[in-house]
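Structure at a glance
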Amino acid sequence: MHCFWRRRSLRIASEAPPKKLQPPPQQPARTLRRKSAERTRARYQEGANAYSAGRYKDAVDLFLEADQLSPSAPLSFNVARAYEHIGDDAGALRWYRDYLRRAPTAENSADVKAIVSALALTLAKKGVQQLSVLSSPAGATVTVDGTPVGVTPWTGELNPGKHKLLLTYRGYSDEQRTVMLPATEPREINLQMEQNAAAASVPHSAASAVSPGPRLGPVPWLSMGVGAAALGAALAFEVARRSAESDAKEQATQLGYQSRLETEQSRQTAARVLAGVGGGLVIVGGVLLLLDSQGTTRAQAMSAGFACMPQLCAVSARGRF
């Protein structure tokens, strides 16, 4: 399907929506891995076919998959169009706003802004309005009025009025704001988080020294056993993550999809951390077992440490023999 923009191609609320979609932009091969580009085009085409066949929920899922592979403004527009067809005003509003955020000078921006205003009034009649929270870096935990609601970038519907916003991210200072949400128009908050130098310079570590002379006894086996248990837990979280991913694709609303997606992301993080911890402990246990088999009375000094950062975990062991 070859799709293109045409000025005044959009319609407001009561008029019949257009059938035209926007293909994702073509990118030079040097800036995108070939396989990723092929997968993006394939997901877009499958989404366009589903849209043409009236399977709008499938179209939403496929366009979102393409956008995860290669984010682009046209895909945001397509997601919004599909959400409009299934009657999800909040989902359509969110992705039209995302489109304008990604392409503020688009030729049809005035038309899209008109649709955004119409959808915002629809939410206002329901007694809610939309708030978007972005941060740099992304991935900060968002708490609204004392309740954790997700991670940035986050968009949700709240009652108009004053709300207390808190953003937290390991290694960064907390950001707090009091936000006034209007009744008839959505609002966006974008916060720059400041890195906490003290937290960044002190890793979460544990160290132990092995004095020369006595053998290590059950310590190596205990380390390997705990490591194996952590690897097993990582596998369980990975299975749970895939289940959450499947549940997300079956959700009929944007809010349900976002909730399941956040669950999938948290389980993915837990699986990665447990896999890193488990693998590290197994390696440390193996090193200690090797040293023990050679006789620890030869060791003059030995230490082992473990540290975790937001994106990875690491284990180290060192000594003189």
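Right above here is the structure, for reference.
The structure presented is a predicted model; accordingly, all values stated were derived computationally and were not measured. (Residues numbered from 1 in each chain as written. Predicted model: local features only at pLDDT ≥ 70, side-chain atom pairs only at ≥ 80, totals over all residues. Heavy atoms only, no water.)

**Concerning the packing of aromatic side chains**
The full count for this structure, using the stated rule, is 5 aromatic pairs. Judged by centre distance (5.3 Å) and plane angle (80 degrees), the rings of Y51 and Y56 are edge-to-face. Residue class for Y51 comes out buried when judged on its relative accessible area of 4%. (Phe/Tyr/Trp six-rings, centres within 6.5 Å; stacked < 30°, edge-to-face > 60°. Buried < 20%, exposed > 50% of the residue type's maximum accessible area, 1.4 Å probe, protein only.)

**Side note on the pairing of strand β5 (residues 161-168)**
By the bridge criterion, 4 bridges tie strand β2 (residues 141-144) to β5 in an arrangement that is antiparallel. Bridge pairing in β5 places V142 opposite L167. Following β5, the chain reverses through 6 residues before pairing antiparallel with strand β6 (residues 175-181); G171 in that reversal takes a positive phi of roughly 90 degrees. (Pairing = 2+ DSSP bridges. Helix = DSSP H or I, 4+ residues; strand = E, 2+ residues; numbered from the N terminus.)

**A few points about helix α2 (residues 56-69)**
Its 14 residues place the ends of α2 20 Å apart at the C-alpha level, agreeing with the 20 Å of an ideal helix rising 1.5 Å per residue. For α2, the full list of buried residues reads A59, V60, D61, L62, F63, L64, A66 and D67. (Expected span 1.5 Å × (residues − 1).)

**Digging into the packing of helix α4 (residues 89-102) against helix α5 (residues 109-125)**
Interhelical geometry of α4 versus α5 gives an angle of 150 degrees and a closest axis separation of 9 Å. The angle between α4 and α5 falls in the class roughly antiparallel. Crossing of α4 against α5: the hand is left-handed. Each of D89, A90, A92, L93, Y96, R97, Y99 and L100 in α4 lies in contact with α5, whose residues at this interface are S109, V112, K113, I115, V116, L119, A120, T122 and L123. Here the residues of the contact of α4 with α5 sort into 12 nonpolar, 2 polar and 3 charged. (Axes fitted to C-alpha atoms, helices over the stretch in contact; angles between N-to-C directions. Parallel < 35°, antiparallel > 145°, perpendicular 65-115°, else oblique. Left-handed = near helix turned anticlockwise from the far one by under 90°. Contact = heavy atoms within 4.5 Å. Nonpolar A, V, L, I, M, F, W, Y, C, P; charged D, E, K, R; others polar.)

**As for the nonpolar core**
Of all hydrophobic cores here, the largest spans 31 residues; its most connected members are V79, Y83, Y96 and Y99. If you list the elements that add at least two residues to this core, you get α1 (34-52), α2, α3 (73-85), α4 and α5. Counting 15 residues, the second largest nonpolar core, distinct from the first, contains L131, W154, L165 and L191. (Core = buried A, V, L, I, M, F, W, Y, C linked by side-chain atoms within 4.5 Å.)

**Notes on the sheet that holds β2**
Judged by pairing direction, the sheet is antiparallel, and its 4 strands sit side by side in the order β3-β2-β5-β6 without closing on themselves. Single-partner strands in this sheet number two, and they are β3 (147-151) and β6. Neighbour-to-neighbour, the strand axes of this sheet turn through a mean angle of 30 degrees, independent of strand direction.

**Looking at unusual backbone geometry**
Across the junction of S136 and P137, the peptide omega takes the value 5 degrees, indicating a cis bond. For the bond running from T152 to P153, omega is -5 degrees, close enough to zero to count as cis. With respect to the helices and strands, P153 occurs in the loop between β3 and β4 (154-158). A positive phi angle is found at D145, which is not glycine, with a value near 55 degrees. Relative to the assigned elements, D145 resides in the loop between β2 and β3.

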